[in-house]
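One letter stands for each residue in the lines below.
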Amino acid sequence: MPEKTLFQLSSPGRQAWSLPALDVPAVDAGETARKGNDLPELSEIDVARHFTRLSIMNHHVDKGFYPLGSCTMKYNPKVNELTSRLPGFTGLHPLEPESLTQGALRLMYELGEMLKEITGFDAVTLEPAAGAHGELTGIMMVRKYFEKRGESRDVVLVPDSAHGTNPASVTLSGFKAVQIKSNERGEIDPVELERACSNCVACLMVTNPNTLGIFEPEAKRICDIMHRQGALVYLDGANLNAYVGVHRPADAGFDLMHINLHKTFSTPHGGGGPGSGPVAVTKALEPFLPRPVVRRAEGQRDGGTEGQSDRTLDPSIPRSLDPLFYLDFDRPDSIGRVMGFHGQFAVLVRAYTYIRMLGAAGLKDAAESAVLNANYVRAELDGVYDLPYKGRCLHEVVFSGTNLKQYGIKTLDVAKRLLDYGMHAPTIYFPLIVPEALMIEPTETESRESLDGFIAAMRQIADEARTNPEILRQAPITTPVRRLDEAKASRELDVCYPV
Ligand SMILES: *Cc1c(COP(=O)(O)O)cnc(C)c1O
């Protein structure tokens, strides 16, 4: 039975809270106020059960396996939620002065330092609200970089395996996106790149490991080719989980990258948010970072040992008032603000907590386990589904459902059937260069048992394609809603609000 709305569940006179008797005269707020406040009336248990029922109707990572490729749907440790809800953080107003927000500024500063260490870059902004926003910010910085040099370059190269946000960010920044074809191994072909790269190219956007889960073996050579033409190389860092703590992208020669904190460093991010997409850059791009940047003044008040320092503590101000961490607005070449206030602060707290909890060794261990898990799935399902790009993968593996076409079964049917087995579907029909693509990213947080459960389900579905294809075409059978008309669902939104 469909879940009723709170308005439908309402019964006059029920209430969740009893307030103490008034010790002041009662005031009638008037008919208008009552009308405008026509709220549902329910007991506490009704409300608790309503939301609990709703919370398990949809699939989520706390409920079951969630191998959505390219999205890194790892388990989000609950300690992140504790720290991001500390009253000292949640009670802060973003306009409070530096002297009263030292803890928050310090957290931002230290997170920036950790991201620099992890990526090998020289400077970082924490402002962008998601990966796609980081791309836009980064490409705008590339634009400003060439403007400042007096060079007019109008093309950004994007491989055909790229995430759709890449060409979108390029176009929004006023550049022309030009696609380059991957070779038969799914990698960027240096020869093809050499041909496409001229002095009107500003930048190449690379995803590494790429969306096939393959590490670009020629990353360094690719960067060299671009640099020889005076162009820059942008790294889409959405797949950082594959190599965090193992490899630093700046060492391969990349000029800038974004980091999806909500993916690699764990914030629940199904359903469109919240996210955070810091951008890390080399020294040459630092002047263009969005304003403001969190900095640390000279001085060692808190026992710290080092820090970027371009402001000296003022000896005439009492030490307790002179902020050690401050916001640097004095950045004449900055592209400006890309977001109000200081970015998605609560996501920064979660990422900070995650990194501090794991430490350097823990991060490396996470990356290696993510790669191991993906390769286990690859080895176990090779042959059950087509594997168009052979060889070891990193943190995700892309299969193709073309071998089931002979039974009239599409990848969509496989994805829908998985829901009946209590698992979220992999990413499907992406990357575009793989027909009937099934992109599986198990992440490091899954046990051997849950991987085996998934592998068994995928095998069973392949068997069903042969023996009972009708059930696959009907699937899902056990979910609160069956197959939806997705175009209608997005175009004719029914929010079901009874008046
Ligand atoms: C997720 C993803 C993006 C976009 O990041 P958002 O945080 O969702 O905006 C870009 N590129 C790749 C490869 C991704 O997986």
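The coordinates are above.
Here we summarise the structure given alongside this text. Residue numbering note: each chain is counted from 1, following its sequence as written. In view of the model being predicted, local features appear only for residues whose pLDDT reaches at least 70, and side-chain atom pairs are presented and counted only at 80 or more, with totals across whole chains, interfaces and linings using the full set of residues. Neither water nor hydrogens contribute to the side-chain values; these are computed over all heavy atoms in the structure.

Considerations on the overall build of the chain
Then, number 1: Of regular secondary structure, the chain possesses 17 helices and 12 strands.
Then, number 2: All radius of gyration figures rest on C-alpha atoms, and the globule criterion is 2.2 Å times the number of residues raised to 0.38. A compact globule built from 499 residues should have a C-alpha radius of gyration of about 23 Å, and the chain, at 26 Å, falls within 12% of that.
Then, number 3: Oriented by its inertia axes, the alpha-carbon framework of the chain measures out at about 75 × 70 × 40 Å.
Then, number 4: Relative accessibility decides the category of a residue: with a 1.4 Å probe and only protein chains considered, values under 20% of the type maximum give buried, values over 50% give exposed, and everything between is partly exposed. The buried share of the chain, taken over its 499 residues, is 48%.
Then, number 5: Whether two residues are in contact is decided by their heavy atoms: any pair within 4.5 Å suffices. Of all intrachain contacts in the chain linking residues separated by at least 6 positions in sequence, the fraction that spans at least 24 positions is 71%.
Then, number 6: Just so you have it, the chain exposes about 24,300 Å², and 56% of that area is on carbon and sulfur atoms. In this text, helices come from DSSP runs of H or I with a minimum length of four residues, and strands from runs of E with a minimum of two, each type numbered from the N-terminal end. A 1.4 Å probe and the Shrake-Rupley method give the accessible areas. Residues count as covered only by the protein chains that appear here.

A closer look at the environment of D38
Then, number 1: Looking at the element boundaries, D38 is found in the loop between α2 (30-36) and α3 (44-57).
Then, number 2: The spatial distance from the C-alpha of D38 to the C-alpha of F7 is 9.4 Å, given a sequence separation of 31 residues.

A closer look at the site of the ligand
Then, number 1: By convention in these notes, a residue is near a molecule or strand provided one of its non-hydrogen atoms lies within 4 Å of it. Contacts to the ligand come from 13 residues, most closely from S70, G131, D236, H262 and K263.
Then, number 2: In this structure, an oxygen atom belonging to the ligand sits 2.5 Å away from a side-chain N or O atom of S70.
Then, number 3: Burial of the ligand by the protein chains amounts to 87% of its free accessible area of 380 Å².
Then, number 4: Mapped onto the shell around the ligand, the elements with two or more residues apiece are α7 (131-148) and α12 (261-264).
Then, number 5: Here the shell around the ligand takes three residues from α7, the largest share from any one element. Nitrogen and oxygen atoms within 3.5 Å of one another constitute a polar contact, given that in protein one can donate a hydrogen and the other can accept it, and given that sequence-neighbouring residues count only through two side-chain atoms.

What to know about the sheet that holds strand β7 (residues 279-281)
Then, number 1: In short, DSSP must find at least two bridges between two strands for them to pair. With mixed pairing, the seven strands of this open sheet are ordered in space as β1-β7-β6-β5-β4-β2-β3. Every other strand in the sheet has two partners, leaving β1 (123-125) and β3 (176-180) as the edge strands with one partner each. Averaged over all pairs of adjacent strands, the angle between their axes in this sheet comes to 25°, without regard to strand direction.
Then, number 2: Relative to strand β5 (residues 232-236), strand β4 (residues 201-207) runs parallel, the two sharing five bridges. Looking at the pairing, T207 lines up with D236 of β5.
Then, number 3: Contacts from helix α6 (residues 102-119) reach β1, β6 (256-258) and β7, with the element oriented near 125° to β1. Here, axes are lines fitted to C-alpha atoms. For helices the fit covers the stretch in contact, and angles between N-to-C directions go from 0 to 180 degrees.

Function cannot be inferred from these measures alone, as they are strictly geometric.
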